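Residue-level structural notes
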Amino acid sequence: MTATTDSARSSLEAIRTEIGKAVVGQDSAVTGLVVALLCRGHVLLEGVPGVAKTLLVRALAASLELDTKRVQFTPDLMPSDVTGSLVYDARTAEFSFQNGPVFTNLLLADEINRTPPKTQSSLLEAMEERQVTVDGTPRELPEPFLVAATMNPVEYEGTYPLPEAQLDRFLLKLTVPLPSREDEIGVLTRHAAGFNPRDLQAAGLRPVAGAADLEAAREAVAKVSVSPEIAGYVVDVCRATRESPSLTLGVSPRGATALLATARAWAWLTGRDYVTPDDVKALALPTLRHRVQLRPEAEMEGVTADAVITAILSHVPVPR
């Protein structure tokens, strides 16, 4: 490990510390956001209203020297409100393109499943191709580019399920649970001491990493070695989802690639330059849970995607 690599890792670790100044608990969600940054991936945060999903992303933005924008997704939001549109300029008698909020480094898509599928799909090209096409002209998005979307559980009134094609564009789906009693007391204690979630600067959050740190970290992650046995293990786990009697849809090869990428990022974050089966297991749930679909009968019996994946991990032989 070189000094540059160690410096990049320290910067990424500092992001986790900064977010902790605003968000109590939720360590796994914070780690997931950092892993997504390393993998050039997008993140979906699911949880009931009021568990600090938006605050998590805003704290991430505050800890990075990157441009950030926020879009509140509502039922009447139009695709052009996200991507931008052609605007007529009376002075020149010509149409010019006006950038939408997607032209940023970190886009907070708040409550993404409160808008209809037509508007949800406006993000598909941006997330996959890192560009937006309007009136036949492709326009590149800034680098780095990350979408961090929050969503309420689908059972909530006024929500639209995200189509499978869009779910598959998210590298990770992180669940943000209700805090433990101790963490909730910590939240109240901070608020009693004057913490204002709308003023993160006053809470002491500062940019601790920038685009250069991120690029150095990504280059280091790309050098993390993967043995043929580990690659085979990732494939076996993903193929087992396709054969599960509880699932109608298993993990695609793209999902297997995503699991390998997140496992490499986690290995690097923990100080290793090689991937172990434990790295794969650590990231399996957030990387795969949104890429599988339960059978209706399994869902009625209370089976969850997490339970199916956990069972698969316990049965697939681990390489020695």
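All values derive from a computational prediction rather than experimental measurement.

Take the sheet that holds strand 1 (residues 43-46) next. With respect to topology, five strands assemble into an open sheet ordered 2-5-8-1-9, the strand pairing being parallel. Sheet topology places strand 2 (68-72) and strand 9 (172-175) at the edges, where each strand pairs with a single neighbour. The sheet shows a mean angle of 20 degrees between the axes of neighbouring strands, taken without regard to direction. In the sheet, strand 1 pairs with strand 8 (residues 146-151) via four bridges, with the strands oriented parallel. Bridge pairing links glutamate 46 to methionine 151 in strand 8. Its contacts with the sheet put helix 2 (residues 27-39) on strand 1, strand 8 and strand 9, and the angle it makes with strand 9 is roughly 165 degrees.

Bridge count for strand 3 (residues 84-89) against strand 4 (residues 94-99) is six bridges, and the pairing is antiparallel. Each residue of the ladder has a partner; that of leucine 86, found in strand 4, is phenylalanine 97. Counting the residues that bridge the hairpin from strand 3 to strand 4 gives four residues, and of these alanine 93 lies at a positive phi of roughly 60 degrees.

One pass over the structure, following the stated rule, counts one aromatic pair. Centroid distance phenylalanine 97 to phenylalanine 103: 5.8 Å. Interplanar angle 70 degrees. Geometry classified as edge-to-face. Among the residues examined, phenylalanine 103 registers a relative accessible area of 11% and is labelled buried. We note arginine 9 situated over the ring of tryptophan 268; from NZ or CZ to the ring centre the distance is 4.8 Å.

A few words on the domain arrangement of the protein. Each assigned domain of the protein is listed with its residue range as follows: domain 1 (1-216) and domain 2 (224-315). Between domain 1 and domain 2, the C-alpha centre-to-centre distance is 24 Å. The partner domain 2 presents 20 residues to the 22 residues of domain 1 that form the contact. Summed over both sides, the interface of domain 1 with domain 2 buries roughly 1,800 Å², with 63% coming from carbon and sulfur.

Moving on, we come to the nonpolar core. One finds Leu12, Ile15, Leu56 and Trp268 to be the most contacted residues of the largest nonpolar core, which totals 72 residues. It is helix 2 that provides the largest number of residues to this core, a total of nine residues. A domain-level breakdown of this core finds at least three residues from each of domain 1 (1-216) and domain 2 (224-315). Beyond its immediate chain neighbours, meaning those up to four positions away, tryptophan 268 contacts Thr5, Ala8, Arg9, Leu12, Leu38, Ala217, Ala220, Val221 and Val224. Of all hydrophobic cores here, the second largest spans 24 residues; its members include Leu44, Phe97, Val102 and Met151.

Definitions and cut-offs
Residues numbered from 1 in each chain as written. Predicted model: local features only at pLDDT ≥ 70, side-chain atom pairs only at ≥ 80, totals over all residues. Heavy atoms only, no water. Pairing = 2+ DSSP bridges. Helix = DSSP H or I, 4+ residues; strand = E, 2+ residues; numbered from the N terminus. Axes fitted to C-alpha atoms, helices over the stretch in contact; angles between N-to-C directions. Contact = heavy atoms within 4.5 Å. Phe/Tyr/Trp six-rings, centres within 6.5 Å; stacked < 30°, edge-to-face > 60°. Buried < 20%, exposed > 50% of the residue type's maximum accessible area, 1.4 Å probe, protein only. Lys NZ or Arg CZ within 6 Å of the ring centre and 35° of its normal. Domains from an automatic or database assignment. Buried area = accessible area lost by both parts, 1.4 Å probe. Core = buried A, V, L, I, M, F, W, Y, C linked by side-chain atoms within 4.5 Å.

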